[in-house]
Amino acid sequence: MSERIVVDPITRIEGHLRIEAQMDGNKIDKAYSSGTMVRGIETIMKGRDPRDAWAFAQRICGVCTLVHGLASIRSVENALDYKIPKNADLIRNLMSGAQYIHDHVMHFYHLHALDWVDVVSALSADPKATSELAQSLSNYPKSSPGYFADMKKKLKGFVESGQLGIFAKAYWGHPAYKLPPEANLMAVSHYLEALSWQRDVARLHTIFGGKNPHPNFVVGGVPCAIDLNSDSAINMKKLSQVQDIINQMKMFVDQVYVPDTLAIAGFYKDWTTRGEGLGNFLTFGDFPSNGMDDVSGFMIPPGAILNRDLSTIHDVDMNAADEIKEYISHSWYDYENGGKEAGLHPYDGETNLNYTGPKPPYDHLDVDQSYSWLKSPRWKGNAMEVGPLARVLMLYATGHDQTKELVNMTLNKLDVPVEALFSTLGRTAARTLETKIFADQMQGWYDDLIINIKAGETKTFNEVLWEPSSWPKSAKGVGFMEAPRGGLAHYIVIEDETIKNYQAVVPSTWNAGPRDGNGQPGAYEAALEDNHTLHDVKQPVEILRTIHSFDPCLACAVHLTDPDGEEIIKVKVK
Amino acid sequence: MTNDFKKKKSQKEQTFGDVMRSQGVSRRSFLKFCAATASMMAMSPAMIPKIAHALENARRPSVIWLSFQECTGCTESLTRAHTATIESLIFDHISLDYHHTLQAAAGHAAEEAREAAMEENYGKYLLVVDGSIPMGNPGYSTIAGISNYDMLMETAKGAAAIIAVGTCATYGGIPHANPNPTGAVSVNDLIKDKPIINVPGCPPIPVVITGVLTHFLTFGTIPELDHLGRPKVFYGQSIHDRCYRRPFYDKGLFAETFDDEGAKKGWCLYKLGCKGPTTYNACATTKWNNGTSWPIEAGHPCLGCSEPDFWDGGGFYKSLSMPTENITQTAIYTAAGAVAAGVAIGAMNKSKKNSAIAAHDKTTIDDLEK
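Engineer: Honestly, the overall build of chain B in this entry has me stumped. Any pointers?
Structural biologist: In terms of regular secondary structure, chain B is built from 20 helices and 9 strands. For chain B, buried positions account for 65% of its 370 residues. Of the roughly 12,900 Å² of accessible surface on chain B, 54% is carried by carbon and sulfur atoms.

This is the structure we're talking about:
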């Protein structure tokens, strides 16, 4: 019989996400993804100084903590044709790359791992066998029998205290957990090691941006000056710290994250045949080597892939009125211009809140009507997936050597066909592989920065357009980037030195958005509808696995509101 | 839950000290932790045995963490604390029974965890809140189909005390910024009958979040608060008064723009809009991320993120008390600053400061350099 199950809150994500699944027996027939929180940040930004916009936009999300700030300053720079020094681009690349590495590792261990790793099973692991397993996978030094014996003792003491805290009420012992006790103990140990590692490597943001979370940016460059003869600028001490952090990042990714992903994936190969979803992928491109105007210099190329066809990369025009549009057929918004069925390009976007859902407290949403605070973005009418899998496919399809090598190594190791990429596990593996690519690339950006400084080029800020009085009366622009969770674009309209309109089209909106007027599901919904049978509908760990494979970030995905009904900005989740 | 876990639940009265011993933590390393705590809270070494005694004899207190209109930046900051670390907190010092971002359970099971923690620890658990609460419509933010307002009121009822973390929970934060589209309010706008500690900042400094927590856990009391509900130990001094660039302010040496000679030499960022004079926070003393740096050291003016309504302060790159296009907003900022703590006064030339604040007058750099 058909039952509607609800998972709310979806935990171990950023923000407020609800999944409702219409069951056909134990199989998911239809899935509905709902963002349940709105703030209205785009509306709040209206009328403010465009140079201040980054700080507001950055608070869209504290997990993706720098990406909205960066997209925002790029939107202003694009609108004003404001060129920035090469060092500023390098420092931004280093900060953004650090965000990927930090964010992806934390996602894997602290948000996603407990879908695959059974903490209770780890209590019956043999420390010696765990050590042998760990040493067979990597040369990470913390791998002795004594180390794992200590970890087991710590975990045992914790469980025996009777206070399970964040591990309480989870689905431990569920038959979907397949790892042997030793692999569970190793993964739980690395959960703790990753917590310690992440707070050290987050310091790269602190060196260049003063703090983490929410490091500082500035339109026209970066706020930190470089001066090898000053105690109060980027000097050799700070550069050495950056180098140390890059080493630490690379070590953990190579010795822990990549081997753990491959080892765990080996026990879950059945997850390479479900959770694909749309088969359509989109990237905006990022990591410039020659400024944001030179797309050919991007490390990640832009493009669209339709129906898994890697042989054809479609061009994407961020500014074309008929390419990127947002729909609200099933979202709690109204459009003054075109009504409920219209799609609007972000420059013309509107964000008028209109909550028509059930009055809280409620049991179920009315999914035939509006059911989410997210909009439904579409590219030329197609629902698209963004994020690590889209980027890895784009790099693979465009012949990026390291990507091809890593993907082929992974497929061989797991002994699965290339189609395995289009799945829940493929998505999770793609995140790991791109982290390895970024961890290696960090050294290149650092070396380029040193070369510039050596050549006497220390400029980090271009003051020429800083004063708003030097700006044209009106201007508009798009700031785009590849954020860890996928392609991100901020659209700004500037008039009389203030923000007239601001719209953020965010990765998690692409992935987590509801159906459009044609009934076309978003990426989460389509993925859950792809071959998901639940062992026990009361313990839907299968839903968590596929949703977490996208790394949801809901604060990013939600739009803003304009109480005057005038429209303007939308904010989304990434 | 497995049978194993049920059996272990029966050992409810085990204390923190028992657990430490059973885990083989030596007395010596335990005391080292206590010493680190004492030092961070600026307490005398004589307090170390007292902290040790308090910790050893306590069951890990239950903590319920609710997230409303927020960006998860406060939780991210919590995980960045180098002392006390998140691992030591959740394994040794607290039982974090509900926390969306970190807990393993989801959906109904997650809500059951919250309900069980409330029931078992009624009157004793600590409630931590990040994010504001939208009063414009209960549908603006829900968890498990429950409005944020209802969940806050229900959970606050049995709490021993509440810690509001971040500027959204303490003062409404960015959702509350003009024109406040969702009617966002702070925790202490709604809760009047419980002790509330405000820990503002966007986000708060990592060790400040865990420092306030460990103070409460160690002494069972709330630290001394200022008139905005903030612990004086972390929010008692202005950024300006503790800033390492202060001597250049006093000498009248200012960066005129980013990356100029003054910026490179570490001169004062006042002219670039620094809000240090009206901002009370510990950035200049604790710095960020294990003392690595902090915004002003990294060349950016202070945004003032731990002050109420800092988002509406008139512009992050507009100098304090300098003329701006919007006189009203400048006046509001000056007034807010004045309320905030006794304040901007120290920043201004003595001959002018009192009258400037009283009249919302503009004080110029020239005045300040006198």
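Engineer: Just checking my understanding: could you explain the nonpolar core for this structure?
Structural biologist: Among soluble globular proteins, nonpolar side chains are generally buried collectively. In this structure, Phe 208 and Ile 543 of chain A are the most contacted members of the largest nonpolar core, which totals 246 residues. Looking at this core element by element, the count peaks at 13 residues for helix H9 (residues 236–265) of chain A. Looking at which domains feed residues into this core, each of domain 1 (11–235) and domain 2 (239–312) of chain B supplies at least three. Among all residues touching Phe 208 of chain A, those that are not within four sequence positions of it are Ile 91, Leu 94, Met 95, Pro 223, Cys 224, Ile 234, Val 242 and Leu 449 of chain A together with Ala 298 of chain B. If you look at the next biggest cluster of nonpolar residues, it comprises 24 residues, including Leu 127, Ile 133, Ala 159 and Ile 162 of chain B.

Engineer: Help me understand the sheet that holds strand S7 (residues 159–165) of chain B in this model?
Structural biologist: Within a sheet, adjacent strands bond to each other through the backbone by hydrogen bonds, running parallel or antiparallel. Residues and elements named next belong to chain B. Within the open sheet, the 5 strands sit side by side as S2-S1-S3-S7-S9. Their pairing is parallel. Strand pairing shows two members of the sheet lacking a second neighbour, strand S2 (95–98) and strand S9 (196–199), which therefore form its edges. When the angles between neighbouring strand axes are averaged without regard to direction, this sheet yields 25 degrees. Here 5 bridges tie strand S1 (residues 62–67) to strand S3 (residues 125–130), and the two strands are oriented parallel to one another. The residue of S3 that forms the bridge with Leu 66 is Val 129.

Engineer: Would you mind going over unusual backbone geometry with me for this structure?
Structural biologist: Most peptide bonds take the trans form, and the phi angle of most residues other than glycine is negative. With an omega of 0 degrees, the peptide bond running from Asn 212 of chain A to Pro 213 of chain A counts as cis. Within the element layout of this structure, Pro 213 of chain A appears in the loop between helix H8 (203–209) and H9. Residue Ala 84 of chain B follows Thr 83 of chain B across a cis peptide bond; omega there is -15 degrees. Position of Ala 84 of chain B relative to the elements: it lies in the loop between helix H5 (73–79) and helix H6 (86–93). With phi around 75 degrees, Thr 72 of chain B is a residue other than glycine that occupies positive phi space.

Engineer: Would you take a moment to explain the pattern of salt bridges for this structure?
Structural biologist: Side-chain pairing between opposite charges can occur once the charged atoms of the two side chains come close. Residues and elements named next belong to chain A. For the coordinates displayed, the defined rule picks out 41 salt bridges over all chains. Between Arg 378 and Asp 516 there is a salt bridge, with the nearest N and O atoms lying 2.7 Å from each other. Of this pair, Arg 378 sits in strand S10 (residues 376–379) while Asp 516 sits in the loop between helix H13 (507–512) and helix H14 (523–528); the two residues are 138 residues apart in sequence, bridging distant segments of the chain. One exposure class covers both Arg 378 and Asp 516, and it is buried. Taken together, the shared-partner salt bridges connect Arg 4, Asp 8, Arg 18 and Glu 20 into one network.

Engineer: Whenever I open this one, the packing of helix H11 (residues 401–414) of chain A against helix H12 (residues 424–454) of chain A confuses me. Can you help?
Structural biologist: Residues and elements named next belong to chain A. Where H11 contacts H12, the two axes come as close as 10 Å, and the packing angle between them is 140 degrees. Comparing their axes, H12 and H11 come out oblique. Classified by chirality, the crossing of H12 by H11 is right-handed. Here H11 contributes Gln 402, Thr 403, Leu 406, Val 407 and Thr 410 to the contact with H12, which in turn contributes Leu 433, Lys 436, Ile 437 and Asp 440. Considered class by class, the residues forming the contact of H11 with H12 number 4 nonpolar, 3 polar and 2 charged.

Engineer: Before we go on, may I ask you to explain the confidence of the model for chain A in this structure?
Structural biologist: As a note on interpretation, predicted positions should not be read in detail where pLDDT is low. The predicted model of chain A averages 95 in pLDDT, with 97% of residues at 70 or higher. Long-range and interchain partners of residues 560–574 of chain A, a stretch whose pLDDT sits below 50, account for 109 contacts in this model, where long-range means more than four residues apart.

Engineer: I keep staring at the interface of chain A and chain B and nothing clicks. Help me out?
Structural biologist: Bring the parts together and some accessible area is lost; that lost area is often taken as the interface size. Listed per partner, the contact involves 103 residues of chain A and 99 residues of chain B. Interface of chain A and chain B: buried area, both sides summed, is about 8,700 Å²; carbon and sulfur atoms make up 59% of it. Its largest share of buried area at the contact with chain B, chain A owes to Ile 166, Lys 169 and Arg 199 of chain A, together 9% of the area lost on that side. The interface formed by chain A and chain B holds 3 salt bridges in total. The residue Lys 238 of chain A makes a salt bridge to Glu 297 of chain B at a minimum N-O spacing of 2.6 Å. Applying the counting criterion to the chain A and chain B interface returns 44 residue pairs in polar contact (both at pLDDT 80 or more). Contributions of two or more residues to the side of chain A that touches chain B are made by strand S1 (4–7), helix H1 (41–45), helix H2 (53–58), helix H4 (86–112), helix H6 (145–160), helix H7 (181–201) and H8 of chain A. When the residues that make up the side of chain A that touches chain B are grouped by side-chain class, the tally is 53 nonpolar, 27 polar and 23 charged.

Criteria and cut-off values
- Residues numbered from 1 in each chain as written.
- Chains lettered and ligands numbered in written order.
- Predicted model: local features only at pLDDT ≥ 70, side-chain atom pairs only at ≥ 80, totals over all residues.
- Heavy atoms only, no water.
- Helix = DSSP H or I, 4+ residues; strand = E, 2+ residues; numbered from the N terminus.
- Buried < 20%, exposed > 50% of the residue type's maximum accessible area, 1.4 Å probe, protein only.
- Areas by Shrake-Rupley, 256 points an atom, 1.4 Å probe, with all protein chains shown as cover.
- Core = buried A, V, L, I, M, F, W, Y, C linked by side-chain atoms within 4.5 Å.
- Domains from an automatic or database assignment.
- Contact = heavy atoms within 4.5 Å.
- Pairing = 2+ DSSP bridges.
- Axes fitted to C-alpha atoms, helices over the stretch in contact; angles between N-to-C directions.
- Salt bridge = Lys/Arg side-chain N within 4 Å of Asp/Glu carboxyl O.
- Parallel < 35°, antiparallel > 145°, perpendicular 65-115°, else oblique.
- Left-handed = near helix turned anticlockwise from the far one by under 90°.
- Nonpolar A, V, L, I, M, F, W, Y, C, P; charged D, E, K, R; others polar.
- pLDDT = per-residue confidence, 0-100.
- Buried area = accessible area lost by both parts, 1.4 Å probe.
- Polar contact = N/O pair within 3.5 Å; in protein donor to acceptor, adjacent residues only side chain to side chain.

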